[in-house]
Each structure stands twice: as structure tokens, then as C-alpha cells.
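Understanding the architecture of this molecule
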Number of protein chains: 2
Amino acid sequence: MTQPPLRLGIAGLGTVGAGVLAILQDQPRMIAARAGRPVEITAVSARDRNRDRGVKLDRYGWEDDPVALATRPDIDVFVELIGGDNGPAKSAVEAALASGKDVVTANKALLALHGQALAEAAEAKGRVIRFEAAVAGGIPVMKALTEGLAANRMSRVMGVMNGTCNYILTRMQATGKAYADIFAEAQALGYVEADPTLDVGGIDAAHKLALLASVAFGTKVDFAGVEIEGIERISIEDIEQAADMGYRIKLLGVAQVTGRGLVQRMSPCLVPSDSPLGQLDGGTNMVVLEGDQVGQIALRGPGAGAGPTASAVMSDVIDLARGFRVPCFGQPAATLEQATAASAQVPAPYYLRLRLTDKPGALAKVATLLGEAGVSIDRMRQYGHAETTAPVLIVTHKCARAALDLALEGLSSTGVVPGHPVALRIEEV
Amino acid sequence: MTQPPLRLGIAGLGTVGAGVLAILQDQPRMIAARAGRPVEITAVSARDRNRDRGVKLDRYGWEDDPVALATRPDIDVFVELIGGDNGPAKSAVEAALASGKDVVTANKALLALHGQALAEAAEAKGRVIRFEAAVAGGIPVMKALTEGLAANRMSRVMGVMNGTCNYILTRMQATGKAYADIFAEAQALGYVEADPTLDVGGIDAAHKLALLASVAFGTKVDFAGVEIEGIERISIEDIEQAADMGYRIKLLGVAQVTGRGLVQRMSPCLVPSDSPLGQLDGGTNMVVLEGDQVGQIALRGPGAGAGPTASAVMSDVIDLARGFRVPCFGQPAATLEQATAASAQVPAPYYLRLRLTDKPGALAKVATLLGEAGVSIDRMRQYGHAETTAPVLIVTHKCARAALDLALEGLSSTGVVPGHPVALRIEEV
């Protein structure tokens, strides 16, 4: 082993940071054998030096300021595990790139919002940013896309990439309990982010989708172009009705290129119960990649946690130690195309649930209105009920979301559909 | 793009070879953008120059002899798609390495039998052998193991990696037809190799398992150490009884390191119907990778076919164009350990099916004999029947295979168990 060690500066010593330290402390020889050279930590940075993290810090240098760490001349790679799309994480990554370091990060928000500028800054200095841990935790999906499937023109990428949402949806199904109850349970277990809308609002998963889409389609990362809908409005009734029809409800991300541009959606969808995505329970993640040569590849694994996320961070570090330097989004930043955000241009069948005032002709009004909007009905059921409104379920044939939205607007003016109908896309997976 | 092109010599122009040519002819700019330099074909070699393959050959040099192609000074990478563990494939790969070329191959048999010697020959010249296409077709599993999960100590790898066997087993289940009927159907569809034992005898899948195990555990590839059992003795009765108990039968490869050494098994196993492996239908492949950090990762996709296999070949080629040179088995050949083959050291529950002579005390004899061998019974069923022997199903508690084999030997001497009992491992997946 004649090569010099690769020297890391690690900022952020939460669960993931401690996990990275544990791997390097427990398996230095294995890492060196695989990387072809030793991997060492020069210095670390975190908010509190004295918190017990279950790993020793005394052998490393310490910096209170992550920017100071990022610019130290005795590190080769800056590992950013602070999080957040702004503040110290952003300043430190910018400083690291400006001083000619490579960057490894698990920060999906930072890259979803500032990825193009950061990738350009890296390339201006001949450096790279690697972010395997930012998307789907321990699943090596960025590597699969940028390298394993590099000979493919990708047609669609899909993913269930927020473990908290999948946990909530599968627990609702398993227990028959309401969303609010299971949400409270997940919160008590510490599964929900401090700002819950990041999880249940779909934002965290949408960050990941924007990164996947950029790499899959060679487009500039476009988080603003993701249509986002959370799971807050999913009722136990929806879950049970969907199951009854052979579907599961998942917070599903879909990105695909159509004639009109790039479609990116993160929303609750119905997928067949017997499909790999439909069978995904609990906090597990799955990403499905579709390419012209390979057909469909599905990758399944833990989307969070110290071990899986540290595994992904370290795979980027080992790649850099080996001298493997894929550009941030798989190709030079200057060659990425500006995506045209195409809103919901891919027709699909939809699941609708609405309440209908209990008077003669009400159902006919709904059916007529849907027909006039160009939405044709595949199946419809009206349920027995004790109230003054009757629950109605409709599965449409394939239609454009625009036509459906037109119909939904019309429904509220009929006077027979109180409240807000639920409309969920049925995705062919 | 200032870098010189990467120049390929491609030997073997069957389905996969034609698929590789099609990608390079259809997408030269995309490949160059991703690889950072153009990828060109200098010359090709095959048995018949004039066969119509749907791709043009006139722009490439031609060599009748693959060895002559492999040693041409104007190629950088020799792509071996001839197949076979001996003959021209082996000679040409050896010649390519001796003359300082990198090698990309889809040839699992060659590497399973001669991988260590070839890897050493490559490293002696500072070259590498890459074989993504040799294991699980289009699934980027070698990359996931050697790079994506490089920070993990792997504990177990499993896989359903022969599409023909999985097709036969799932068709038997779907149609209720006998093995012989579905085998004939698969043969008529061209799904079965010229020598069927490669497929249904489990040899092809065992080649793949030996390669996976080497990379996962850092051991010298040891095909001779794989215990192999084919699917020829699986009856429709076994499939239906297994389904009835909540299991599917799969030709499953399992490799794991125990205190006594490396266990490698390729055999029909029962896996839970609702597990990802249990849900795998038709010709699709799945590989499950378990590591100390990441937990369990499952990769699913097409295991054969022109597009998927060419996708895998080209991912290796693009890596080489990018300058990514992972050693053949993930670490230098000299550092790979000699595996101690540990035969069936991991206890498991077993499924037994036998026929019992229809006389008083017969069942008691069987139960006593199993008990004396240390095999305890979890469930037992005797079925109604019209013959002079009664079908009996037994599910054991966890036991060592050696104890079970002892019991099975004893059964034949009881005089009440005619024929050969079927014994299938139930694998926790």
C-alpha cells in the first residue's frame, strides 16, 4: 500500500456522522483493502463537542466552525452531514468546493435547491460532489443510475422514498386506525421530522425525486418543477377501499420525459397490491428504474438509519479514494439540459371518493358532469350509509389530470357533492 | 472532449454481441458524454461473418480468430462474448490479458472455473477483468457489491439467478401442469440451454453464486465448493403443498460465512410466498445482499436477453472508459482468501414429502426414526389416497442437514417408505 491516505473532514455528528465514524474506527483495514489506500479522518465539527455519541473523537482535530473545517489544507474530502438547505451546510459546502475539496453529502434539500450551482462550482475547481446517501438511504441507487445503467436512455424512474409515510400508510392498513392516530404514534416513536410537512407533506421525498430525475434524464435539477401532494388527506376509508379493489396507496414519486417535457410528481397513488411497490411495507424504500436496454430494475432496502446511511456515505468516500470521479449529476454540469416542467401530461386512471347528498338524481348529476369533462367511468360504487350523505367511489378510465380537475371543480357547484372529493392517480408500475 | 477514444475488440456476435453493437451504433454521443470520451469498436470476431444480425459490421475490422483479435495492438479492451469455460473464450481472454488489454466478459462459467488464475494474470499486467453481465443479467449487482456496499462486511448473499428455472417453477404453479410438460414448453420456446443440465441442473446459477460469494466475502472463487441440486425432481405436488403452507419453491442460491467456513448452496428451497423472493415470477432475477451496515438490499430485474445483458456489458465498458478500475473480485487477487468449504452447516427447517406403505404402525416408524436422528417434527399431514401408498408431508423444526440425511437413509431401510423422499430446505429470507 504505497498510496497516501485519503483525508476526511466530517461536519455533523448526528446519527449518520456517528455511523461513519464507527465504520472507520471498526474496519480501517477492510476499508483500506477495498479502497486501495487508507481512509483517515483529519478533523470533525459539530455543535456540541462533549455529547456522548458512542464513538471516540479525541484522536481527531476539532473545529467549531464547519467552514473552517471545510477549508483546512490537510483534508481532501469534506463530508457534509449537517443537513438543511441553507445556513452552515451550504456555506461549508461552498467553502469546501472553493478551496478545491471533493464533497460527499447526505443533504437532499441542499442539492435539490442548489445542486446546479454547486455542481458548477465543483467542476470549476475540477472537483466532484457525491450524494449516494441523499437518495433512498442505503440503496446504491445513484451508482446504479449513473454507472450501472449508463448505457440506457432512461424512460421513467419511480420511488417510494420516505419511510415515515410508508410506515404510516402500512400501519393504517394493518390496524384500521385513522391517519391522525398513526401519525401520533409515528411521532411518539421519533419517526417524524421536527417539521412534519417535510415527511407527510411529501417534500423530503420530492427532494429525492428531483435528484433522481436530474441524473436519469440529464436535466438540471428542478425541485420547483415537482408537483407535490402529501398523505395528510388519506383516510382509512381510502386505504380500505383501495385494498378491496386490489390496490395499495403509496406516496409514490414518478419522473418521466414526455413529448412536452419533464413530468415530476410526488403524490399518493394507487399501485397494484401484488406489484413490488405495492408489497413494500413499513419504512423500507424502493426505487424502480426503467431504461431502453435493461427494461425495469427495482432496488429495495432501508431508506434511513445510521448504518444504511453511513454505508452510502462511505461508498462515495471509497469511490473517491479509488479515484472514481463521476460528475455530480452523472455528466458535466454544463451539459445538463434545462427541463421544461410538464404538468401532469401523462394520462392515467384515477380513484375518486366523494360524498353525495342523499337525493334523487344526485348520482346522475355527477356522472353527467364527469362525462362532459371527458372523464369516463370504469367502475362506480355507492355504499350503504346512515348519514345524510352517501359515500361514492369511482374508478375512471385513463384521463388527463386537467380534465379531471375540471370535473372536480364542476362537482362543487352541483350542490350535491359537499366537501372535497379525494382524487388519487392509479399508477401502472 | 480531448481524450482519445476507448477502442474495443468484440468477440462473439450472438444475441448479446449484437446488442452491444446496437447500443454503440445507436447512442454514440450519449455513451461518449457519460464516459467522458468516445467508445469505438476497432474490430470484431465471430464464427460466421455473413449471418444477418440486424447490425452493420462493415465499418469494423474482422478477425476469424478471436485470439488474433484479442492481441491486436489497436484495441484497449477485449470484450469476450463467446461463452464456454474452455476453448476459444479461454484462449482469447488469456491472450488479451497477456498482451495487456482489459477484459469485459459475460462468461460466468469461465470465471467460476478459472477466475483466480485469470485475475492474477490480469493484475500481473496491471489490467482488470470486469463481468457485470455474468451475474443476474441487467441487474448491476457486481457494482452494488464491490462499490455501493464496499463499506459493509457482508453476512449473506442470496439469489434467484436462472430465469429458465424460475419460469418453469412459476408456470407449474400457474397451470398445475407437471414438470415434464412445462420443461418441454420452455424448450420449445427456446428458453433452455443446449445442455439442459446447465439450467435445470442448477449449474449456470451455481457459476453465478460462486462469483457473487467471492466478491461478497473476499474469498477465491470456489465453484467446486457449491453444493448443487437441480429442479428436475420438483413435482407439481410439492409446489401445490408448499403453496398451501404459504411457501413458494425457488431455485435459490445462498452463500454465507459460518464459523466453519464458506457455505455455498444452489438448490430448490421453500421461501415465504409473501417475501420478495417468493413473489418473483417468471424469468425475472433477484439478488439479496445482506451487510452489517446496510441490512438487507434486494435487487430485481431481467436476468437475460440482448438488451439487459448488453446494458451490463456496456456499463463495464463505460467504467473502463472513465478510468474506473476495480480489481476483478473487488480486491487484489493475491489478497483473496482460500475458502474452506463448509458443507450445509447452517441448520434450517426442512420440507419432506414421502410415500408411506399403507399398513398399521408405518407412520409411527417414520416419526420414531426422525426423532432418533435428532430431527423434530413441526407439522405432519397424511393425505387421502387411492393407492397402496399414502403421501405424507412433514415440516421439521430447524435441524442440521447431516441429521436429516441420516434420517433419510434410515427411512429406506424401514420397508415402509418406498422410493426417494423429497427434502427441501426452508430458507429464511
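Residues numbered from 1 in each chain as written. Chains lettered and ligands numbered in written order. Predicted model: local features only at pLDDT ≥ 70, side-chain atom pairs only at ≥ 80, totals over all residues.

Considering the nonpolar core
Worth spelling out the cut-off: Only buried Ala, Val, Leu, Ile, Met, Phe, Trp, Tyr and Cys residues enter a nonpolar core, and they are joined through C-beta atoms within 7 Å. Once C-beta atoms are placed from the backbone, each residue is buried if 20 or more other C-beta atoms lie within 10 Å of its own, exposed if 12 or fewer, and partly exposed for counts between those two. Contact between two residues is assigned when their C-beta atoms, built from the backbone, lie within 7 Å.
Grouped together as the largest cluster of nonpolar side chains are 301 residues, with contacts concentrated most on V313 of chain A together with V313 of chain B. Apart from the residues lying within four places of it in its own chain, the contact partners of V313 of chain B are V16, V20, V79, V104, A106 and A133 of chain B.

Overview of the environment of A11 of chain B
Residue and element names in this part refer to chain B. We apply this condition: Numbering goes from the N terminus for both helices and strands, where a helix is a DSSP run of H or I of at least four residues and a strand is a run of E of at least two.
Relative to the elements of secondary structure, A11 occurs in strand β1 (residues 6-11). The buried category is assigned to A11, around which 27 C-beta atoms lie within 10 Å. As for A11 and I82, which are separated by 71 residues in sequence, their C-alpha atoms are 6.2 Å apart. Leave out the neighbours within four places in its chain, and A11 touches S45, P66, L69, A70, V79, E80, L81, I82 and A92.

As for the domain arrangement of chain A
All names here are of chain A. Note the threshold: Residue ranges assigned to each domain were obtained from an automatic or database domain assignment. When residues are sorted by character, Ala, Val, Leu, Ile, Met, Phe, Trp, Tyr, Cys and Pro go into the nonpolar class, Asp, Glu, Lys and Arg into the charged class, and all the rest, Gly among them, into the polar class.
Split by domain assignment, chain A resolves into domain 1 (6-134), domain 2 (146-303) and domain 3 (350-426). Between the C-alpha centres of domain 2 and domain 3 the distance comes to 26 Å. Listed as interface residues are twelve residues of domain 2 and, on the opposing side, eight residues of domain 3. Those elements that place two or more of their residues in the side of domain 2 that touches domain 3 are α11 (236-244), β9 (247-258) and β10 (261-272). Among the residues making up the side of domain 2 that touches domain 3, the classes are represented as seven nonpolar, two polar and three charged.

Thoughts on helix α10 (residues 203-217) of chain B
Residue and element names in this part refer to chain B. Defined as follows: Expected span of a helix: the number of residues minus one, times 1.5 Å.
With 15 residues, α10 should reach 21 Å at 1.5 Å per residue; the first-to-last C-alpha distance of 21 Å fits that figure. Most of α10 is tucked away, with 15 of its 15 residues classed as buried. Where α10 terminates, the next one or two residues include G218, which has phi positive at roughly 65°.

Remarks on unusual backbone geometry
At A136 of chain A, a position not held by glycine, the phi torsion is positive, near 60°. Structurally, the position occupied by A136 of chain A is in the loop between β6 (129-130) and α6 (141-148).

Considering the relation of the copies chain A and chain B
Let me state the cut-off plainly: Only residues with pLDDT of at least 70 in both copies contribute their C-alpha atoms to the least-squares superposition of the copies.
Rotating chain A by 180° and moving it 0.0 Å along the rotation axis overlays it on chain B with an RMSD of 0.0 Å. Here the transformation between the copies is reduced to the relation of a two-fold axis. Rotation axis and chain A: the residue whose C-alpha lies nearest the axis is L299 of chain A, separated from it by 2.3 Å. In this assembly the copies share their binding face: 100% of the residues contributing to the interface of chain A also contribute to that of chain B.

Some thoughts on the pairing of strand β15 (residues 389-396) of chain A
Residue and element names in this part refer to chain A. We apply this condition: What makes two strands pair is DSSP finding at least two bridges between them.
Both strand β13 (residues 350-357) and β15 contribute to a ladder of seven bridges, which runs antiparallel. In the strand pairing of β15, R353 is matched with L393. Bridge count between strand β14 (residues 377-382) and β15: five bridges; the pairing is antiparallel. Each residue of the ladder has a partner; that of M380, found in β15, is I394.

Notes on the interface of chain A and chain B
Residue-level contacts link 43 residues of chain A with 43 residues of chain B. Of all the secondary structure elements, the ones that give two or more residues to the side of chain A that touches chain B are α2 (28-35), α6, β12 (295-302) and α12 (306-322) of chain A. As paired elements, β12 of chain A and strand β12 (residues 295-302) of chain B share three bridges and run antiparallel to each other. Residue pairing in the sheet places R300 of chain A in a bridge with A298 of chain B of β12 of chain B.

Focus: the sheet that holds strand β2 (residues 39-45) of chain B
Paired through backbone hydrogen bonds, the strands of a sheet run either parallel or antiparallel to each other. All names here are of chain B. Note the cut-off: To get an axis, fit a line to the C-alpha atoms, keeping to the stretch in contact for a helix; angles then go from 0 to 180 degrees between the N-to-C directions.
Ordered by their spatial adjacency, six strands build an open sheet running β3-β2-β1-β4-β5-β6, and the pairing between neighbours is parallel. Because the sheet does not close on itself, it has two edges, and the strands there are β3 (61-62) and β6 (129-130). Relative to β3, β2 runs parallel, the two being bridged by two bridges. From the neighbouring strand, A43 faces β3, where its bridge partner is G61. Where helix α4 (residues 88-98) meets the sheet, it contacts β1, β4 (77-80) and β5 (102-105), and its direction lies at approximately 170° from that of β4.

Considerations on the environment of M172 of chain B
All names here are of chain B. Along the chain, M172 falls in helix α7 (residues 163-175). Owing to 23 C-beta atoms within 10 Å, M172 belongs among the buried residues under this scheme. In this structure the C-alpha to C-alpha distance between M172 and I236, which are 64 residues apart in sequence, comes to 6.4 Å. Leave out the neighbours within four places in its chain, and M172 touches K177, Y179, I182, I236 and I239.

Topic: the packing of helix α2 (residues 28-35) of chain B against helix α12 (residues 306-322) of chain B
All names here are of chain B. Applied cut-off: Each angle is binned into one of four classes, with values under 35 degrees roughly parallel, values over 145 roughly antiparallel, values of 65 to 115 roughly perpendicular, and all other values oblique.
Where α2 meets α12, the axes come as close as 9 Å, and the angle between the chain directions of the two elements is 50°. As the angle between them shows, α2 and α12 are arranged oblique. In this structure, α2 uses I31, R34 and A35 to contact α12, whose residues at the interface are I318, A321 and R322. Taken together, the residues of the contact of α2 with α12 sort by class into four nonpolar, no polar and two charged.

A short note on α6 of chain A
Along an α-helix, residues three or four apart share an orientation, since each turn contains 3.6 residues. Along α6 of chain A, eight of the eight residues are buried, which leaves the element largely enclosed by surrounding structure. Regarding α6 of chain A, the residues found buried are V141, M142, K143, A144, L145, T146, E147 and G148 of chain A. Buried residues along α6 of chain A sit against α10 (203-217), β11 (284-291) and β12 of chain A together with α6 (141-148) and α12 of chain B.

Quick word on the packing of helix α5 (residues 108-124) of chain A against α10 of chain A
All names here are of chain A. Operational definition: Here a crossing is taken to be left-handed if its near helix is turned anticlockwise relative to the far helix by less than a right angle, and right-handed if that turn runs clockwise.
Where α5 meets α10, the closest approach of the two axes is 9 Å, and the angle between their N-to-C directions is 55°. Regarding the angle of α5 to α10, the classification is oblique. Our pair here, α5 against α10, has a crossing hand that is left-handed. Contacts between α5 and α10 involve K108, A109, L111, A112 and G115 from the former and D204, H207, K208, A210, L211 and S214 from the latter. Class assignment of the residues belonging to the contact of α5 with α10 gives a composition of five nonpolar, three polar and three charged.

Topic: the sheet that holds strand β5 (residues 102-105) of chain A
Residue and element names in this part refer to chain A. On the basis of which strands lie adjacent, the open sheet formed by six strands has the order β3-β2-β1-β4-β5-β6 and parallel pairing. Either end of the sheet is taken by a strand with one partner, and the two such strands are β3 (61-62) and β6. Most of the contacts of helix α4 (residues 88-98) go to strand β4 (residues 77-80), to which it runs at about 170°, and overall it touches β1 (6-11), β4 and β5.

Some thoughts on the pairing of β13 of chain A
Note: β13 of chain A against strand β16 (residues 422-426) of chain A, four bridges, orientation antiparallel. If you follow Y351 of chain A over to β16 of chain A, its bridge partner there is L424 of chain A.

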